[in-house]
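Per-entry structural report
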Amino acid sequence: MPHDTPLIATIVAGLGLAFVFGALANRFRIPPLVGYLVAGVLVGPNTPGFVADAGLANELAEIGVILLMFGVGLHFSLKDLLSVRAIAVPGAIVQIGFATLLGVGLAWTLGWSLGAGLVFGLALSVASTVVLLRALQERRLIETERGRIAVGWLIVEDLAMVLALVLLPALAGVLGGQPPADDHASLLSLPASYGIWGVVGITLAKVAAFVVVMLVVGRRVIPWILHYVAHTGSRELFRLSVLAIALGVAFGAAKLFGVSLALGAFFAGMIMSESELSHRAAEESLPLRDAFSVLFFVSVGMLFDPFSLFSNGLPILATLAIIVIGKSIAAFVIVIVFRYPIATALMISASLAQIGEFSFILAELGVGLKLLPEQGRDLILAGAILSILLNPLMFLVIDWMKPWLEKRAGKDAAPTPEQKPLGPATEPGQVASVAAPPAEKDDGPPPKTALSGHSILIGYGRVGSLVGAALKEAALPFLVIEDADKTLAKLKSDGVETVAGNAANAEVFAAANPEGAKRLILAIPNAFEAGQIVLRARAANPAINVVARAHSDAEVEHLKGLGADAVIMGEREIARGIVEVVTGKAAIPIEQPIEINPQPA
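Quantities reported herein were computed from a predicted structural model and do not represent experimental measurements.

The rules behind the values
Residues numbered from 1 in each chain as written. Predicted model: local features only at pLDDT ≥ 70, side-chain atom pairs only at ≥ 80, totals over all residues. Heavy atoms only, no water. Helix = DSSP H or I, 4+ residues; strand = E, 2+ residues; numbered from the N terminus. Buried < 20%, exposed > 50% of the residue type's maximum accessible area, 1.4 Å probe, protein only. Contact = heavy atoms within 4.5 Å. Areas by Shrake-Rupley, 256 points an atom, 1.4 Å probe, with all protein chains shown as cover. Pairing = 2+ DSSP bridges. Right-handed = clockwise from strand over helix to strand, strands pointing away. Phe/Tyr/Trp six-rings, centres within 6.5 Å; stacked < 30°, edge-to-face > 60°. Salt bridge = Lys/Arg side-chain N within 4 Å of Asp/Glu carboxyl O. Axes fitted to C-alpha atoms, helices over the stretch in contact; angles between N-to-C directions. Parallel < 35°, antiparallel > 145°, perpendicular 65-115°, else oblique. Left-handed = near helix turned anticlockwise from the far one by under 90°. Nonpolar A, V, L, I, M, F, W, Y, C, P; charged D, E, K, R; others polar. Patch = residues over 30% accessible without salt bridge, like charges linked within 9 Å, V, L, I, M, F, W, Y side chains within 5 Å. pLDDT = per-residue confidence, 0-100. Core = buried A, V, L, I, M, F, W, Y, C linked by side-chain atoms within 4.5 Å.

**Observations concerning the overall build of the protein**
Check the secondary structure of the protein and you find 23 helices and six strands. Looking at the 601 residues of the protein, the share that counts as buried comes to 48%. Once local pairs closer than 6 in sequence are excluded, the contacts in the protein between residues at least 24 apart make up 73%. Looking at the protein as shown, the accessible area adds up to about 28,500 Å², and 66% of this sits on carbon and sulfur atoms.

**Focus on the pairing of strand E1 (residues 455-458)**
Along any regular strand the residues' side chains alternate between the sheet's two faces. Burial of the side chains of E1 extends over both faces: Ser455 and Leu457 are buried on one face and Ile456 and Ile458 on the other. Sheet analysis places E1 next to strand E2 (residues 478-482), joined by four bridges and oriented parallel. Looking across to E2, one finds that serine 455 is bridged to phenylalanine 478. You can see the chain leave E1, run along helix H18 (residues 462-473) and come back into E2, and the turn it takes is right-handed. Where E1 lies against strand E4 (residues 519-522), four bridges are found, and the strand directions are parallel. Following the sheet pairing, serine 455 is matched in E4 by arginine 519.

**Observations concerning the packing of aromatic side chains**
The final tally for this structure, using the stated rule, is four aromatic pairs. Ring geometry for phenylalanine 210 and phenylalanine 267: centres 5.6 Å apart, planes at 85 degrees, overall edge-to-face. Here the residue phenylalanine 210 occupies a position in helix H9 (residues 195-230), and phenylalanine 267 occupies one in helix H11 (residues 261-272), the gap between them amounting to 57 residues. One exposure class covers both phenylalanine 210 and phenylalanine 267, and it is buried. With 5.7 Å between their ring centres and 15 degrees between their planes, tryptophan 224 and tyrosine 228 make a pair best called stacked. Of this pair, tryptophan 224 and tyrosine 228 both sit in helix H9, four residues apart, which is roughly one turn of the helix. The class of tryptophan 224 is exposed, set by a relative accessible area of 56%. Judged by its relative accessible area of 53%, tyrosine 228 is exposed.

**Points about the pattern of salt bridges**
Summed over all chains, the structure comprises six salt bridges. With a shortest N-O distance of 3.5 Å, arginine 576 and glutamate 573 are connected by a salt bridge. One end of the pair is arginine 576 and the other is glutamate 573, both in helix H23 (residues 570-583) and three residues apart, which spans about a single turn. Residue arginine 576 is classed as buried on the basis of its relative accessible area, which comes to 16%.

**Observations concerning the packing of helix H14 (residues 313-337) against helix H15 (residues 342-351)**
With their axes 8 Å apart at the nearest point, H14 and H15 run at an angle of 150 degrees to one another. For the element pair H14 / H15, the angle class is roughly antiparallel. Between H14 and H15 lies a crossing whose hand is right-handed. Between H14, through Ser328, Ala331, Phe332, Val335 and Ile336, and H15, the contact on the second element is made entirely by Ile342, Thr344, Ala345, Leu346, Ile348 and Ser349. Across the contact of H14 with H15, the residue classes tally to eight nonpolar, three polar and no charged.

**So, a nonpolar patch on the surface**
Together, Phe19, Val20, Leu24, Phe28 and Ile30 make up an exposed nonpolar region whose accessible area comes to about 520 Å². Looking at where isoleucine 30 falls in the secondary structure, it is placed in the loop between helix H1 (6-27) and helix H2 (32-43). By relative accessible area, isoleucine 30 is classed as partly exposed at 37%.

**A closer look at the pairing of strand E6 (residues 566-569)**
Where strand E5 (residues 545-550) lies against E6, four bridges are found, and the strand directions are parallel. By the bridge assignment for E6, valine 547 is matched with alanine 566. In this fold, E5 hands off to helix H22 (residues 553-562), which returns the chain to E6; that crossover is right-handed.

**A look at the sheet that holds strand E3 (residues 498-500)**
Judged by pairing direction, the sheet is parallel, and its six strands sit side by side in the order E3-E2-E1-E4-E5-E6 without closing on themselves. Looking at strand neighbours, the two that pair on one side only are E3 and E6, the edges of this open sheet. Between one strand axis and the next, the sheet turns through 15 degrees on average, direction left out of account. Of the strands in this sheet, E1, E4 and E5 touch helix H21 (residues 527-540), which is tilted by about 175 degrees from E4.

**Section: the environment of alanine 537**
Turning to its location among the elements, alanine 537 is positioned in helix H21. Along the sequence, alanine 537 and proline 514 sit 23 residues apart, while their C-alpha atoms lie 6.4 Å from each other. Those residues in contact with alanine 537 that sit more than four places away from it in its chain are Phe509, Leu520 and Ile544.

**Description of the packing of helix H3 (residues 54-74) against helix H10 (residues 235-257)**
Two elements in contact, H3 and H10, have axes separated by 10 Å at closest approach and are oriented at 110 degrees. The orientation of H3 relative to H10 falls into the category roughly perpendicular. Between H3 and H10 the crossing geometry is right-handed. Taken together, the residues of H10 that come into contact with H3 (itself represented by Ile63, Ile66, Leu67 and Phe70) are Val242, Leu243, Ala246, Leu247 and Ala250. Here the contact of H3 with H10 is composed, by residue class, of nine nonpolar, no polar and no charged.

**Observations concerning the confidence of the model for the protein**
Mean pLDDT for the protein: 79, with 84% of residues reaching 70 or above. In this model residues 182-188 is a low-confidence stretch, pLDDT under 50, and it forms nine contacts with partners more than four residues away in sequence or in other chains. Every residue in residues 413-443 scores below 50 in pLDDT, and together they form 47 contacts with partners more than four places removed in sequence or on other chains.

**Brief notes about the nonpolar core**
Counting 131 residues, the largest nonpolar core has Trp153, Phe297 and Leu372 as the members making the most contacts within it. With 12 residues, the top contributor of residues to this core is helix H17 (residues 374-412). Other than its neighbours up to four places away in sequence, leucine 372 contacts Trp112, Ala116, Val119, Phe120, Ala363, Gly366, Val367, Arg377 and Ile380. Core analysis: the next-biggest nonpolar cluster, separate from the first, contains 28 residues, Ile456, Val508, Ala537 and Ala564 among them.

Here's what the structure looks like:
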């Protein structure tokens, strides 16, 4: 490869090998991110062959973190964030404190100083943004209450790490390290002469100022920019405006207010979510989000020395135990203490049982300040790699543990209905009611419907809601499979039977009784996921009539090849509608028309 193009070489090698090993991992039913990490190890400095530029890879990965957090902000309103503050704030603080104490204990056994132990423990206490969000997205949990709690917990951890990153240089001398030189001070540096409380106060003031600016100024300016660009009619300019806002707010937040890039991007997305164009903004930024999040995993793999597993075996195992076991137990106990269901506690425990980008930043800063020995950085790196690799297994473990724990909890609880809690608290000081009938389980296999000869409607967005209204008007029995909490609540209030979850999940789809169903309607825009559901439906009921939607000819062929009876492509239907309006007569049908209420044969 040319030596004068390190950026191109890093991107090509990173994405190319990530694709190869990600595809191999997927072939063997292993999460693709494992393949991405292996690709990073192969292009890193600790293995023979081509070595990519680690500095450039880290900056590219940071862009991925920014775009991913921006995307989460687009689906996470301020109201959602405030609704989980009662558990996210105390939960994150207690969990950070517990993990830090475990890290200090391990550092003490290794003969390190107290300052080294604090940096080491803090690095082990904070979860990876990318790993957590990728896990939630794969399980379509971000818009659920459990997902909101996990993301809110993560935001509190990020704020705590921002505070730690600003305080450590000022406190390095007190903790036994070497204070940084003042000849390269930035807008974020705070003189140690302010004192500990002065530094803390200024840091909190900067974060508060950023939040105020975003809520007061950003709430008006960002939606206005989006609507102005949308009215130009240029898709290219709209996509550019979305990326410019995400990256610009993140960079400005870091340089002017001392807020992390990820947190700045999250607030930019959250403010943008108030615009009517937020869905389009999310779609436009999705391809870059996926590409750069892959580069994040590659950059992590580049830092890992596989031979350290042999030279530091026992310390690495102890570090991994703190991350995977210690943090998980702490999170589980905290969530249970706040009277949340076992399923919620297990999901959050698994989500937080890993470390990532903030851990690397803290480790580098600790080594630079002479607080943390290089062995500590190696342990943090090995713990991050191994915990990321094990994280998908954690979700499998909680799926296995959940029925047993719920059964034990049922045996331990008194049989009187008054002692069963209604559900989780969502406001400060609020606890689950114990004077009302028992609540529904928020997780687990849903009960099977009693409907037969019905239609199964997958997805209740803009398309699905129109189809559902037509089915309801025609008095045809149907149920909806949906995973968005707000949509489910509205459907239940309207008297529509629902199954909560992802239809690609076998237990969720089985609850819709596909064996006795007459019709399957796929109103979701994801053709790959729809294809999996078509295969599952055909296996359960070969005679079921399958109607799906698509956005391209390739998607039409893909779904028909998997067994869909009819696939409706939006562009074709728009063209037919235009022809009917212009000519005043029905257009020649491109597809066989679908009858909402067909006559029985």
